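# A closer look at the structure
Here is what each chain is made of, one letter per residue.
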Amino acid sequence: MREPTVQLPGQWSTLAAQTDSTFYFIYWLSVLMFVGIIGAMLYFVVKYKRVPGVKAEPTGHNNLLEIGWTVAPAFLLVVLFHRGFQGYINSLVSPADSMEVRVRARKWAWDFEYPNGGHSNELHVPLNRPVRLIISSEDVLHAVFIPAFRVKRDAVPGAYGTLWFQATQLGRTELFCAEYCGAAETGTPGENPNGLLSNWAGHYSMMAQVIIENQPEYDRYVETLLRRPDRFHTDAEWGADLFVRNQCNTCHSLNGAASTGPTFQNLFGRVEHFQDGSSLTVDDNYIRESILTPMARVVRGYNPVMPSFRGTLREQQINALLQYIRTVH
Ligand code: CUA
């Protein structure tokens, strides 16, 4: 993890150097303009100070000066436009051999889908390979922002956005949502002993890790997204890992404690009462429905804030979660 710094983050992509040089060009140009304009103003304030008894005379016209202060800024603006547009086009047009990763935004999480069909909530990318992100949103405006790569693009509902990058450094960095996409109070206020903020979810929490690794590690990672990884001996063990990895644990406790969502303790066989007045005994089908279509039946006393995991969790993973939930007593 990098130290907090007041400078720009490290240049971790092939696009970063150009973006930074344009940024610093504008930065120093602004410093120069500021010092020049304020300096000249102060000089004139002193030099042309009003003197009692002396009447100011108009100085007349200076063609050369007027042409100069018109043409010079116009020239500067063209240079700035050229540099900015070049960088924008470079970040928009990806190399033809780019690997494609689909990015789906929703309140308030990211889902990444790899070419092999695997999904995860952290973005793994291979080192030194062009990666094109195809960005969409399931609800409202969000924005993909990876500062270390110097890339940012809106996630617009009903449209695809793309951007690309080529990572030049192994390691871990952050992806942020850069569009205010709201917040909601979740659960029942006062129920959570950890204070007010723990009852809120929203834009500020919509982040994801970006992990840049060598091609073999990347290949192994995306492969594990499709099947039970070797390190787990049973589906229940895998389910326990998925439970944390998909952040189910932020809303569902294992010890009976009330949270944003109902506890998973002794969930199977429990009789749940729903907001529409109906009730049922919890079984595989009900939990599966709650994962894929959470709004179908909302348990009484809870807010309808559970996101759907349709398209995120594969059939084997849902099964593993069911096996795991069975073991929580
Ligand atoms: Cu999503 Cu802000």
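Above this text is the structure in question.
Residues numbered from 1 in each chain as written. Predicted model: local features only at pLDDT ≥ 70, side-chain atom pairs only at ≥ 80, totals over all residues. Heavy atoms only, no water.

### Comments concerning the overall build of the protein
Looking only at helices and strands, one finds six helices and 14 strands in the protein. By its C-alpha atoms, the protein is 100 × 50 × 35 Å across when sized along the principal axes. The buried share of the protein, taken over its 329 residues, is 37%. Approximately 19,100 Å² of the protein is accessible, and the part contributed by carbon and sulfur atoms is 60%. Separation of charge centres in the protein, based on 28 positive and 30 negative side chains, amounts to 7 Å. (Helix = DSSP H or I, 4+ residues; strand = E, 2+ residues; numbered from the N terminus. Buried < 20%, exposed > 50% of the residue type's maximum accessible area, 1.4 Å probe, protein only. Areas by Shrake-Rupley, 256 points an atom, 1.4 Å probe, with all protein chains shown as cover. Lys, Arg positive; Asp, Glu negative; His and termini not counted. Charge placed at Lys NZ, Arg CZ, Asp CG, Glu CD.)

### Section: the side chain of glutamine 317
Positionally, glutamine 317 belongs in helix H6 (residues 315-326). When its relative accessible area of 6% is taken as the criterion, glutamine 317 is described as buried. There is a polar contact of 3.5 Å between the side chain of glutamine 317 and the backbone oxygen of leucine 225. Dropping the residues within four chain positions of it, glutamine 317 is found in contact with Leu225, Trp238, Leu242 and Thr312. (Polar contact = N/O pair within 3.5 Å; in protein donor to acceptor, adjacent residues only side chain to side chain. Contact = heavy atoms within 4.5 Å.)

### Considerations on the sheet that holds strand E1 (residues 99-106)
With respect to topology, five strands assemble into an open sheet ordered E3-E2-E1-E5-E8, the strand pairing being mixed. Here the strands that pair on one side only, and so sit at the sheet edges, are strand E3 (119-120) and strand E8 (161-166). Pairing of strand E5 (residues 130-137) with E8, which is carried by six bridges, proceeds in the antiparallel orientation. By the bridge assignment, leucine 133 is partnered in E8 with leucine 163. (Pairing = 2+ DSSP bridges.)

### Comments concerning unusual backbone geometry
Cis peptide bonds are those with omega within 30 degrees of zero, and the linkage from lysine 107 to tryptophan 108 qualifies with -5°. Here tryptophan 108 is to be found in the loop between E1 and strand E2 (109-113). The phi angle at glutamine 247 is positive, at roughly 60°, despite the residue not being glycine. Position of glutamine 247 relative to the elements: it lies in the loop between helix H4 (235-245) and strand E13 (271-273). Look at asparagine 266: it is not a glycine, yet its phi comes out positive at around 50°.

### Examining the packing of aromatic side chains
What the rule picks out here adds up to 13 aromatic pairs. Seen in terms of ring centroids, phenylalanine 81 and phenylalanine 85 are 5.3 Å apart; in terms of plane orientation they differ by 15°. Their pairing is stacked. Here the residue phenylalanine 81 and the residue phenylalanine 85 both occupy positions in helix H2 (residues 63-92), the gap between them amounting to four residues, near one helical turn. When the ring of tyrosine 114 is compared with that of tyrosine 218, the centres are 6.1 Å apart and the planes differ by 65°; the resulting orientation is edge-to-face. Taken together, the positions of tyrosine 114 in the loop between E2 and E3 and tyrosine 218 in helix H3 (residues 215-224) put the pair 104 residues apart, joining distant regions of the chain. Here tyrosine 114 and tyrosine 218 have matching classes, each one buried. Counting every residue linked through ring pairs, the aromatic cluster contains Phe23, Tyr24, Tyr27 and Trp28. (Phe/Tyr/Trp six-rings, centres within 6.5 Å; stacked < 30°, edge-to-face > 60°.)

Any functional reading would require information beyond the geometric quantities listed.
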